[in-house]
Amino acid sequence: LAKTLDFHPDPAQAQVLAPSVRRGILNCTRQWGKSTVAAVKAVHHAVVNNESSVIVVAPSERQSAELVRKCARFLKRLNATTTSDRSNRASLVLDNGSRIIGFPASNERLRGFSASLLIIDEAAHVSDELYRTVRPFLAATNGQLWLLSTPNGKQGFFYDEWVAANSEFTQISVPAPECSRISPKFL
């Protein structure tokens, strides 16, 4: 997959791509590649699992659409044909019936979906109420959940999930000095 997509994950990113991880939380520096590795995960999931639904939620429509655009670029490298689902602005439908859909963190449009993979981008900036709204998307599918964010203080569900004593989440943390893509000179 890495060769076909021209994506070469570092060890922490490879952990995100491990199929055995059902719940993951990324607490990483900006520019680490959270959205890019999530797009690779979403594309792999959608290609391998016919008629699956990948839902991407982010604080704004622009942010969720950006992750869906990254998915589109990776799908193009696979020569996959995609269309829009015509119901959602940021959406991709694959020939195998799988969908990748991006939404802003807005409750009025987010009810009535199920997902086999749910990605919440910039999760520390998404409300607790929205988190409670989208978690049921996984109820019938026992789907995967990934929370991606940079830190945003000691508040909200992202922080709560990060510090939970009996957390169901695999935790991955990469501070800026440990990110190989950020030069020490920049820092």
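Predicted model, so just to flag it, every value in this text is computed and none were measured. (Residues numbered from 1 in each chain as written. Predicted model: local features only at pLDDT ≥ 70, side-chain atom pairs only at ≥ 80, totals over all residues. Heavy atoms only, no water.)

Considering the overall build of the protein chain
Put simply, the test is: Secondary structure elements follow DSSP: runs of H or I of four or more residues count as helices, runs of E of two or more count as strands, with numbering from the N terminus. Any two residues whose heavy atoms approach within 4.5 Å are treated as being in contact. His residues and chain termini do not enter the charge count, which takes Lys and Arg as positive and Asp and Glu as negative. Lysine's charge is taken at NZ, arginine's at CZ, aspartate's at CG and glutamate's at CD.
What the protein chain contains, in helices and strands, is six helices and eight strands. If you list the helices and strands of the protein chain from N to C, you get α-α-β-α-β-α-β-β-β-β-α-β-α-β. Sequence separation of 24 or more characterises 70% of the internal contacts of the protein chain that already satisfy a separation of 6 or more. Treating the 22 positive side-chain charges of the protein chain as one cloud and the 16 negative ones as another, the clouds have centres 5 Å apart.

Some thoughts on the environment of F74
Within the secondary structure, F74 is located in helix α4 (residues 61-77). Residues F74 and A164, 90 residues apart in the sequence, show an inter-C-alpha distance of 34 Å. The residues contacting F74, other than those within four sequence positions of it, are L5, F7, T36, A39, V40 and V43.

Side note on the environment of T133
Cut-off, in case you're wondering: Relative accessibility decides the category of a residue: with a 1.4 Å probe and only protein chains considered, values under 20% of the type maximum give buried, values over 50% give exposed, and everything between is partly exposed. Two N or O atoms count as a polar contact when they lie within 3.5 Å, although within protein this holds only if one can serve as hydrogen donor and the other as acceptor, and sequence-adjacent residues are included solely when both atoms are side-chain atoms.
One can find T133 in helix α5 (residues 128-134). For T133, a relative accessible area of 8% puts it in the buried group. Separated by 21 residues in sequence, T133 and G112 place their C-alpha atoms 9.9 Å apart. A polar contact is formed between the side chain of T133 and the backbone oxygen of E129, at a distance of 2.9 Å.

Digging into the pairing of strand β4 (residues 90-94)
Selection rule: Two strands qualify as a pair provided that DSSP identifies no fewer than 2 bridges between them.
Extensive coverage of β4 is indicated by the burial of five of its five residues. Neither face of β4 is exposed, since A90, L92 and L94 on one face and S91 and V93 on the opposite face are all buried. As defined by bridge partners, strand β3 (residues 82-83) adjoins β4 across two bridges and the pair is classed as antiparallel. Looking across to β4, one finds that T83 is bridged to V93. From the end of β3 to the start of β4, which pair antiparallel, there are six residues, and R86 there has a positive phi angle of about 65 degrees.

Some details on the sheet that holds β3
Test applied: Orientation is described by lines fitted to C-alpha atoms, with helices fitted over the stretch in contact, and by angles between N-to-C directions that extend from 0 to 180 degrees.
Here eight strands make up an open sheet; going across it, the order is β3-β4-β5-β2-β6-β7-β1-β8 and the pairing mixed. The strands lining the two open edges of the sheet, one partner per strand, are β3 and β8 (170-174). Note: strand β1 (residues 23-28) against β8, five bridges, orientation parallel. Bridge pairing in β8 links L26 to I172. Set on the sheet, helix α3 (residues 34-48) makes contact with β1, β2 (53-58), β4, β5 (99-104), β6 (117-120) and β7 (144-149); between it and β7 the angle comes to about 165 degrees.

Observations concerning the confidence of the model for the protein chain
Put simply, the test is: Confidence of the prediction at every residue is given by pLDDT, a number between 0 and 100.
Taken residue by residue, the protein chain gives an average pLDDT of 90. The fraction at 70 or more is 98%. Within the protein chain, the element-level pLDDT minimum falls on helix α1 (residues 2-5), averaging 75, and the maximum on β6, averaging 97.

Quick word on the pairing of β5
A large share of β5 lies buried, amounting to five of its six residues. Examined bridge by bridge, β2 and β5 share six bridges and lie parallel to one another. Each bridged residue has a counterpart across the sheet, and for S53 the counterpart in β5 is R99. Of the strand pairs in this sheet, β4 and β5 are connected by four bridges, and their pairing is antiparallel. Paired with S91 across the strands is I101, a residue of β5.

Quick word on the nonpolar core
Note the cut-off: What we call a nonpolar core is a set of buried Ala, Val, Leu, Ile, Met, Phe, Trp, Tyr and Cys residues that are connected through their side-chain atoms within 4.5 Å.
Core analysis: the biggest nonpolar cluster contains 36 residues, and L26, W32, L67, C71, I100, I119 and W146 have the highest contact counts within it. Per element, the largest residue contribution to this core is seven residues, and it comes from α3. Once residues lying within four places of it in the same chain are set aside, the contact partners of C71 are A39, A42, V43, L92 and I100.

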